[in-house]
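# Examination of the molecular architecture
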Amino acid sequence: MSAPHAGDPKPPVRWGTHFFLATFAVATLFPVLWVVKMAFRPEQTFATGLNPLPTQLSLQNFRDLFAAPHFWQQMMNSVVVAAVTTAAGVFLACTAAYAFSRFRFPGRRAGLMAFLVTQMFPGTMMMIPLYHVLDQLGLLDHLAGLVLVYSTTAIPFCVFQLKGYFDTIPRDLEESALMDGASQFTIFWRIILPLSRPAIAVTALFSFMTAWNEYILAATFMSDEAAYTLPVQLQQYVGDYTTEWGHFAAGALLVSAPVMALFFLLQRHLVGGLTAGGVKG
Amino acid sequence: MPAPPAVAAGEWALLFAAPLLPLVVFAVIGAMSASRRSPHRVAYAYVTPAMLGMAVLILVPFGLGLALAFTRHEHGAFTFVGLQNFVRILKSEGFALTHPLSFYFTLGVTILWTGLNVALHAAIGLGLALILREPTLRLKGVYRVLLIVPWAVPNYITALIWKGMFNKQYGLINHLLGLVGVEPVGWFSQFWTAFAANVTTNTWLGFPFMMVVALGALQSIPRDLYEAADVDGATRWQQFRHITLPLLRPALLPAIILGSVWTFNMFNIIYLVSGGQPNGATDILIVEAYRWAFEQDRYGYAAAYSVLIFLVLLAYSGLTSRLSRSAEGAYG
């Protein structure tokens, strides 16, 4: 079923494929449509029935959210934390990945291994000391604590991602630039970085998602409602005893929208970018 | 409730100074490397900022976590107890081996959870990628965009929505089952159904990653290989078995290894979907460790738990890296 052939397969086969893909896509989108439906319904119960399409177009849930005591503050918290994390993560990952890709230096293998091993540190193992460290520093309930933690969790994956991509850029370009007297930094800044824009965009997206979507650390380190990020607030709507599904859905939509938009913008690069990292990583 | 300003002025300074600190170090080392000629100075200048950040924020807490594992926590004070925590966990003290809170039971659940999820991710992802790469298929861009949607949804939202879907009274799943005459199922009151709910949720959110990786890898397989195989009269299955699969391996293997490490520590789904119900039986190791720390205040015990999780993953990756190296050797 996989091999490409010059001639078109027979029509029945093709219809079967479309039927399968369409069914699969609908099944996949079902939970998402459910969120949309509940967001635009002025009730707080879970929508029942089978129709995934919105039957009402009420903005009540969104109005309630915007009027909630700390909503805008929490939105700002999320935006700031995600933005700073992305900037720091991508910058640090770019320089490190460039070195790992282009130089052979003592400690290179060990460094790469160290990055890989950090992926295996269980979050709880870091969480307990971090909780105490942040407590000692007076950073519980402060965004700086979250930024510090998120940047470092994002970096290892970003480094692997970018190193894989840098590895695919031919060296001839740099060699001729060196001949022309360009400095190492000029090569990095003027040649490598511009050529890697798609991979950097994908890496930035992952960094952003790490911070924007993180829930448990934020919930553990932040106890003051005004210091919550949006995920922590949203989780509050889905309690054990009362669940405000309407408010949750509206909030979920607001939080997912930017990530979705970025995904669709970058989805073409996603395929190439990830694989380069995968093959060489 | 009095609401103090979340971000004080000093805090803002710190917020932006934190990422700047490595930058300063970067500049200093850069300047040094320009003044003195050493073959590796430039390389170190590029690596140092990230390494420094990692050292301070990952290695220090990691070291502290390791140290905590040898202590007992009582009323805010830690006392050194040697290997006691490890002994208690590994001897499963206080719990029968098959009790949900025993380390071995949870380890078994975690391994089952990881294996099942990764297998489903890889199978579904690869299957879809194979269908979607058909060059003459129409609308494949549309399908591809629709099918990566779950990846873009923050996973705590996914978890909470699926928790609602599996609700006994109003959930969609029971509604669907009701249409074919099945009585409402209390999904979270038995082990296997609760486990199935967790796996369903995680499969939904995880297959797009594998699909994208497989799509990318498939693009890099030269078309003429298949043409040559066609000329030689190879069947589609033979082509898949002897061309597609071996050439995909180098790209898929790292993704699978990384995927299994992530799934092994996939906190959000378990914590938010089944919440360990019934009686903590569906908890995986990382959730168990979290509960010991933040619900029981037994930080030392929880730290020892975490160290054991880390050791299990380290052993696993040692095993798989040997595996992937031998694969590389075989397929160059």
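In short, a report on the structure. Every value quoted in this text rests on a predicted model; they were computed, and no experiment measured them. (Residues numbered from 1 in each chain as written. Chains lettered and ligands numbered in written order. Predicted model: local features only at pLDDT ≥ 70, side-chain atom pairs only at ≥ 80, totals over all residues. Heavy atoms only, no water.)

Helices and strands together make up the secondary structure of chain A, namely 12 helices and 0 strands. For chain A, the N- to C-terminal ordering of α and β elements is α-α-α-α-α-α-α-α-α-α-α-α. Classification of the 281 residues of chain A by burial places 58% in the buried group. Considering only intrachain contacts with a sequence separation of at least 6, the fraction spanning at least 24 residues in chain A is 71%. (Helix = DSSP H or I, 4+ residues; strand = E, 2+ residues; numbered from the N terminus. Buried < 20%, exposed > 50% of the residue type's maximum accessible area, 1.4 Å probe, protein only. Contact = heavy atoms within 4.5 Å.)

In the structure shown here, the tally under the stated rule is 45 aromatic pairs over all chains. Members of the aromatic cluster, joined through ring pairs, are Y98(A), F103(A), F166(A), F185(A), F188(A), W189(A) and Y46(B). The ring of W34(A) carries the charged tip of K37(A) above its face, separated from the ring centre by 5.2 Å. The ring of Y301(B) has R298(B) sitting right over it, with the charged end atom 4.3 Å from the ring centre. (Phe/Tyr/Trp six-rings, centres within 6.5 Å; stacked < 30°, edge-to-face > 60°. Lys NZ or Arg CZ within 6 Å of the ring centre and 35° of its normal.)

Residue and element names in this part refer to chain B. As defined by bridge partners, strand β1 (residues 71-74) adjoins strand β2 (residues 77-80) across 4 bridges and the pair is classed as antiparallel. Bridge assignment links E74 to a residue of β2, and that residue is A77. In this antiparallel pair of consecutive strands, β1 and β2, the connection spans 2 residues, and H75 shows a positive phi of 50 degrees. (Pairing = 2+ DSSP bridges.)

F221(A), F248(A), F263(A), L270(A) and I157(B) are the most contacted members of the largest nonpolar core, which has 195 residues in total. Counting residues per element, this core draws most heavily on helix α9 (residues 191-219) of chain B, at 17 residues. (Core = buried A, V, L, I, M, F, W, Y, C linked by side-chain atoms within 4.5 Å.)

The next point concerns helix α8 (residues 184-195) of chain A. Its 12 residues give α8(A) an end-to-end C-alpha distance of 16 Å, which sits within 8% of 16 Å, the value for a rise of 1.5 Å per residue. Within α8(A), burial applies to I187(A), F188(A), I191(A), I192(A) and L193(A). Packed against the buried residues of α8(A) are α3 (71-102), α6 (143-167), α7 (172-179) and α9 (197-213) of chain A together with α2 (41-68) of chain B. (Expected span 1.5 Å × (residues − 1).)

Quick look at α6(A) now. Residues and elements named next belong to chain A. For α6, with 25 residues, the first-to-last C-alpha span of 36 Å sits near the 36 Å given by 1.5 Å per residue. Taken as a whole, α6 carries its principal kink of about 30 degrees at I155; the proline P156 stands between one and four residues after it. Extensive coverage of α6 is indicated by the burial of 22 of its 25 residues. (Bend = angle between axes of the 7 residues up to and from the residue.)

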